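One-letter residues, chain by chain:
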Amino acid sequence: MKNTNYFTKFILVFSLGGLLLMVGCQDDETLVEVQELETLANYEIAPIEGQYIVVLKESSLSRNIPQNYDQRITMLKNNFLTRFSSLKISSENIKKTYGFAVKGVAVQLNHEQLQVLRAHKDVQLIEQDYQITLSPDLSILKGKPSNPGGGGEETPTQVTPWGVTRIGGAGNGVGKIAWIIDSGVDLTHPDLTVDVARSKSFLGGRDADDPNDYNGHGTHVAGTVAALDNNIGVVGVAAGATVVAVRVLDRRGSGSYSGVIAGVDYVAANGAAGDAANMSLGGPVSSALDNAVVAASSIVKFALAAGNESDDANNHSPARANGPNIYTVSASDSADRLASFSNYGNPPVDYAAPGVSIASLWKNGGTNTISGTSMASPHVCGLLLLGNVNFDGYVSNDPDGNPDKIAHR
Ligand SMILES: [Ca+2]
Ligand SMILES: [Ca+2]
Ligand SMILES: [Ca+2]
């Protein structure tokens, strides 16, 4: 629209966690230069020209809609086209349809269509959709991911990451379900149990229907939540829990807000009491995204990364989403200091958890050691699968003056 020159640099949760701090765990180079991280953690976020997230009022919808995800999405998409047929929106311009956590669509609109919808009584809110993109110089993996089997070296050995020890040690997560809303998950990683059938991608274009992880970040998150207790890789907080990949970020760590909301909607449709979801991603404030997470949290508990901008978490979505089943997590280091990159502010932050030099799994069956609130959040996701989150002590260096509790079993 008119804001084509509105191209702002933001700093995202995902970046720090994802690609910056890859210190090969075989080398055990665990010291991290935080200044460097902050410099590296820039993402660029741009509006997707002419694309909007349109949320409809609940009261405007028939109560007689199917429970099945695919059936409901198809029906609501058709309903939208019928209801607004005077606008002549073509079917292929509807990019996503939401039917559980929120009701609505992501759609390409011209100026006229936008004005009509903005004024329509059935519309609750309309937001510009955004593309979240890693800075180009960050798109190349800089770490030294390694094979959990040792790649022909000495006998494979399972590592217990310091963070798992700090939160009270691994528990038995077998039979629990973790929804990983991220870059996908390595579907065949030997150190994970993945529910491939329910895993789903919400990307367009290349790999559109493939929930496998071509980045590494989502597999790292999944490993911290749920890596198996065996003799390879790492052990997760809720060891052996089943992970479901909900892929909203591509191989470069790029995705759209409309896709992230679709991922949350899918979890709301398919999750059950006792499940937990993890979102180690974020960006600027979006009421549509926040509302979706709040609604979905009535079904599944959510762990959210606070973000890596050294900023008030209230300035970031979904980190600022708040509710009794939503846990926003800041990052602490092995000396219980709040990481200098971590966002802060209570609320929305509920707990700190380990997020500096965290060893976990990686794509292609690998392992990797990286940092960020992206790595802190999955510790709490694992705790949520095991039961209630307790705490053990407080962080130091908390810039909001209200030291965060350190999450513990
Ligand atoms: Ca393992
Ligand atoms: Ca909170
Ligand atoms: Ca605090």
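Keep in mind that this is a model prediction, so the values were computed, not measured.

### Thoughts on the overall build of the protein
- Per the secondary structure count, the protein includes nine helices and 20 strands.
- Expressed as a percentage of its 409 residues, the buried residues of the protein come to 54%.
- For the protein, the share of sequence-separated contacts (at least 6 apart) that also reach a separation of at least 24 residues comes to 77%.

### As for unusual backbone geometry
- Cis geometry marks the peptide bond from Asn 346 to Pro 347, where omega comes out at -10°.
- Looking at the element boundaries, Pro 347 is found in the loop between β15 (326–332) and β16 (349–354).
- Across the junction of Pro 347 and Pro 348, the peptide omega takes the value 10°, indicating a cis bond.
- Here Pro 348 lies in the loop between β15 and β16.

### Quick notes on the environment of Gly 173
- Position of Gly 173 relative to the elements: it lies in the loop between β6 (171–172) and β7 (177–182).
- Under the C-beta neighbour-count criterion, Gly 173 is labelled buried, with 26 such atoms within 10 Å.
- Along the primary structure Gly 173 and Thr 242 are separated by 69 residues, whereas in three dimensions their C-alpha atoms are 8.0 Å apart.
- Contact partners of Gly 173, with chain neighbours within four places excluded, come to Ala 226, Gly 236, Ala 238, Ala 239, Gly 240, Ala 241, Gly 382, Leu 385 and Leu 386.

### Things to note about helix α3 (residues 69–83)
- Taking 1.5 Å of rise per residue, 15 residues should cover 21 Å, and α3 covers 21 Å from first to last C-alpha, within 8% of that figure.
- Taken as a whole, α3 has its buried residues at Ile 73, Leu 76 and Phe 80. Along the axis of α3, the buried residues cluster in a sector spanning 70°; they form a single face. Among the exposed residues of α3, those pointing more than 90 degrees away from its buried face are Asp 70, Gln 71 and Thr 82.
- The inward-facing, buried residues of α3 abut β3 (94–99) and β4 (103–108).

### Overview of the packing of helix α7 (residues 257–270) against helix α8 (residues 287–296)
- At their nearest, the axes of α7 and α8 sit 9 Å apart, and the two run at 10° to each other. Looking at the two axes, α7 sits roughly parallel to α8. Across from Tyr 257, Val 260, Ile 261, Val 264, Asp 265, Val 267 and Ala 268 in α7, the residues of α8 making contact are Ala 288, Leu 289, Ala 292, Val 293, Ala 295 and Ala 296.
- Counted by class, the contact of α7 with α8 contains twelve nonpolar, no polar and one charged residues.

### Section: the pairing of strand β18 (residues 366–370)
- Buried residues dominate β18, accounting for five of its five residues.
- The side-chain alternation of β18 yields two buried faces, one formed by Gly 366, Asn 368 and Ile 370 and the other by Thr 367 and Thr 369.
- Summarising the sheet, strand β17 (residues 358–362) and β18 pair through five bridges and their orientation is antiparallel. For Ala 359, the partnering residue across the bridge sits in β18 and is Thr 369.
- Here β17 folds back onto β18 in antiparallel fashion, the turn holding three residues, of which Asn 364 has a positive phi close to 55°.

### Examining the confidence of the model for the protein
- Across the protein, the average pLDDT comes to 86, with 84% of residues at 70 or higher.
- Taken as a whole, residues 1–42 scores under 50 in pLDDT and shows 110 contacts with residues more than four places along the chain or in a different chain.
- Contacts for the low-pLDDT stretch residues 134–143, under 50 throughout, to residues beyond four places or in other chains number 25 contacts.

How each quantity is defined
- Residues numbered from 1 in each chain as written.
- Chains lettered and ligands numbered in written order.
- Predicted model: local features only at pLDDT ≥ 70, side-chain atom pairs only at ≥ 80, totals over all residues.
- Helix = DSSP H or I, 4+ residues; strand = E, 2+ residues; numbered from the N terminus.
- Buried ≥ 20, exposed ≤ 12 C-beta atoms within 10 Å, placed from the backbone.
- Contact = placed C-beta atoms within 7 Å.
- Expected span 1.5 Å × (residues − 1).
- Arc of directions from axis to C-beta.
- Axes fitted to C-alpha atoms, helices over the stretch in contact; angles between N-to-C directions.
- Parallel < 35°, antiparallel > 145°, perpendicular 65-115°, else oblique.
- Nonpolar A, V, L, I, M, F, W, Y, C, P; charged D, E, K, R; others polar.
- Pairing = 2+ DSSP bridges.
- pLDDT = per-residue confidence, 0-100.

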